[in-house]
Amino acid sequence: MTDLNGARILVTGGAGFIGSYIVDQALEAGAAHVAVVDDFVRGRPENLAGARATGRVEMLEGDICDAALIDGLTEGRDIVFHQAALRITQCAEQPLRAVQVMINGTQTVIEAAVRHKVSRVIAASSASVYGEPSYFPIDEAHPFNNRTLYGAAKVANEQILRSYNEMYGMDYVMLRYFNAYGPRMDIYGVYTEVIARWLDRLDRGEAPVIFGDGQQSMDMVYVGDIARANILAAQSDVTDDVFNVGSATETTLRQLCELLLDLTGHADLAPLHEPERKVNPVRRRLSSIDRIRAKLGYEPKTTLREGLQAVIEWRKASLCVS
Ligand SMILES: NC(=O)c1ccc[n+]([C@@H]2O[C@H](COP(=O)([O-])OP(=O)(O)OC[C@H]3O[C@@H](n4cnc5c(N)ncnc54)[C@H](O)[C@@H]3O)[C@@H](O)[C@H]2O)c1
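Residues numbered from 1 in each chain as written. Predicted model: local features only at pLDDT ≥ 70, side-chain atom pairs only at ≥ 80, totals over all residues. Heavy atoms only, no water.

Trainee: Just to check I follow, could you spell out the environment of glycine 214 for this structure?
Mentor: As for its position among the elements, glycine 214 is in the loop between strand 8 (209-211) and strand 9 (217-218). The sequence separation of glycine 214 and glutamine 100 amounts to 114 residues, and the corresponding C-alpha distance is 37 Å. Every residue in contact with glycine 214, bar those within four places of it in the chain, is listed here: Thr252, Leu253, Arg254 and His273. (Helix = DSSP H or I, 4+ residues; strand = E, 2+ residues; numbered from the N terminus. Contact = heavy atoms within 4.5 Å.)

Trainee: Help me understand the pairing of strand 5 (residues 120-126) in this model?
Mentor: Remember that side chains alternate between the two faces of the sheet whenever the strand is regular. For strand 5, the buried fraction is high: seven of the seven residues fall into the buried class. On strand 5, burial covers both faces: Arg120, Ile122, Ala124 and Ser126 on one face and Val121, Ala123 and Ser125 on the other are all buried. As paired elements, strand 4 (residues 79-82) and strand 5 share four bridges and run parallel to each other. Looking across to strand 5, one finds that isoleucine 79 is bridged to arginine 120. (Buried < 20%, exposed > 50% of the residue type's maximum accessible area, 1.4 Å probe, protein only. Pairing = 2+ DSSP bridges.)

Trainee: Would you mind showing me how to read helix 1 (residues 17-28) here?
Mentor: Helical geometry: 3.6 residues make up each α-helical turn, so side chains three or four residues apart lie on a common side. A rise of 1.5 Å per residue sets the reference length of helix 1, with its twelve residues, at 16 Å; its end C-alpha atoms lie 17 Å apart and thus fit the reference within 8%. Counting buried residues in helix 1 gives eleven out of twelve residues, a clear majority hidden from the surface. Those residues of helix 1 that fall on the buried side of the exposure criterion are Phe17, Ile18, Gly19, Ser20, Tyr21, Ile22, Val23, Asp24, Gln25, Ala26 and Leu27. Two residues or fewer after helix 1 comes glycine 30, characterised by a positive phi angle close to 100°. (Expected span 1.5 Å × (residues − 1).)

Trainee: Can you help me understand helix 9 (residues 253-263) in this one?
Mentor: Listed in full, the buried residues belonging to helix 9 are Leu253, Leu256, Cys257, Leu259, Leu260, Leu261 and Leu263. Just downstream of helix 9 lies glycine 265, where phi reads positive at about 75°.

Trainee: Sorry, what's going on with the side chain of serine 125 here?
Mentor: Inspection of the secondary structure assignment puts serine 125 in strand 5. By relative accessible area, serine 125 is classed as buried at 2%. Reaching out from serine 125, the side chain makes a polar contact with the side chain of glutamate 158 at a distance of 2.6 Å. Residue contacts for serine 125: discarding those within four places in its chain leaves Lys154, Glu158, Met174, Leu175, Arg176 and Tyr177. (Polar contact = N/O pair within 3.5 Å; in protein donor to acceptor, adjacent residues only side chain to side chain.)

Trainee: Quick question: what am I supposed to make of the site of the ligand here?
Mentor: Neighbouring residues of the ligand: 28 residues in total, closest Ile18, Asp38, Arg42, Tyr150 and Lys154. Within the side chain of tyrosine 150, a nitrogen or oxygen atom sits 2.5 Å from an oxygen atom of the ligand. Considered on its own, the ligand offers 810 Å² of accessible surface; in the complex 92% of this is hidden by protein. Contributions of two or more residues to the shell around the ligand are made by helix 1, helix 5 (95-115), strand 5 and helix 6 (149-168). Looking at the shell around the ligand, the element that brings in the most residues is strand 5, giving three residues. Counted by class, the shell around the ligand contains 15 nonpolar, seven polar and six charged residues. (Near = heavy atom within 4 Å. Areas by Shrake-Rupley, 256 points an atom, 1.4 Å probe, with all protein chains shown as cover. Nonpolar A, V, L, I, M, F, W, Y, C, P; charged D, E, K, R; others polar.)

Quick look at the structure:
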């Protein structure tokens, strides 16, 4: 068991949505120092405001493809949490950059981890590797039906980390996150941006619009639960393994919309239906989390109602600030 108390940590993409929660929870677990590298294509310094106030966080603007920078930052680190990545739509728009960041950048990070004898690398994969599901719930043995460059890069990452375990004995765990949501979330994401869109309409007193029949589903997992899965993976002795991080609950768009109407006091507004637009590459998601429960002791703790309430409050506070 690796003790995070007193540990020196590097988080790539640590100013982003999930990375910033990992920073927060690593500090809570007693990390002595957390270095964050982020090029701010999407991350925001505000996400680390609380963490930086502890005086134990160093935030550097830089690219994971910069080998000299990553080498220097990795020296003396016990654990690396690798979160930096481009979003799925940017990968499709800029395929060369996608491969550079997601594949070469990842290799740069793990090369440095091996060179500096980091004890564990915990890295982000994605449920995107599964593509259109062949069966439910989706367990880790489900085939890679992915057809996106983003998902291809995540498959490659999993295989590259495995090969580094084989070649150098590098200890790692990769986590396949399902549909992450929570405060600091990406309001332009392919899946969960619908929450922001609906809340904008509700602010104006307009009914939310559902494209299609509303039966499309997501496995929504609260960002704090994802960060905790990362911490559990860092603390465990499990290595050379890949786990789903989901809620093991399927939520349809219709259910999500009704919950938001209820939480915002707009239960009187009926959602409008418009013809489906082909934005979501996948129609249904439902994870099996049996393996991560058994091997890492992970349990999703935040209910969808609690998590959405936190999003509503965060959004209200950010709208007041900006
Ligand atoms: N949000 C989700 O639903 C979800 C689902 C599955 C997997 N993931 C994965 O989780 C990880 C974190 O995602 P997130 O949702 O927090 O997204 P995010 O965009 O908020 O975080 C990624 C961070 O990486 C940074 N970054 C991008 N390219 C970089 C580069 N070249 N060098 C340094 N930093 C760079 C961005 O600025 C951003 O802060 C990613 O690996 C992502 O692929 C996310």
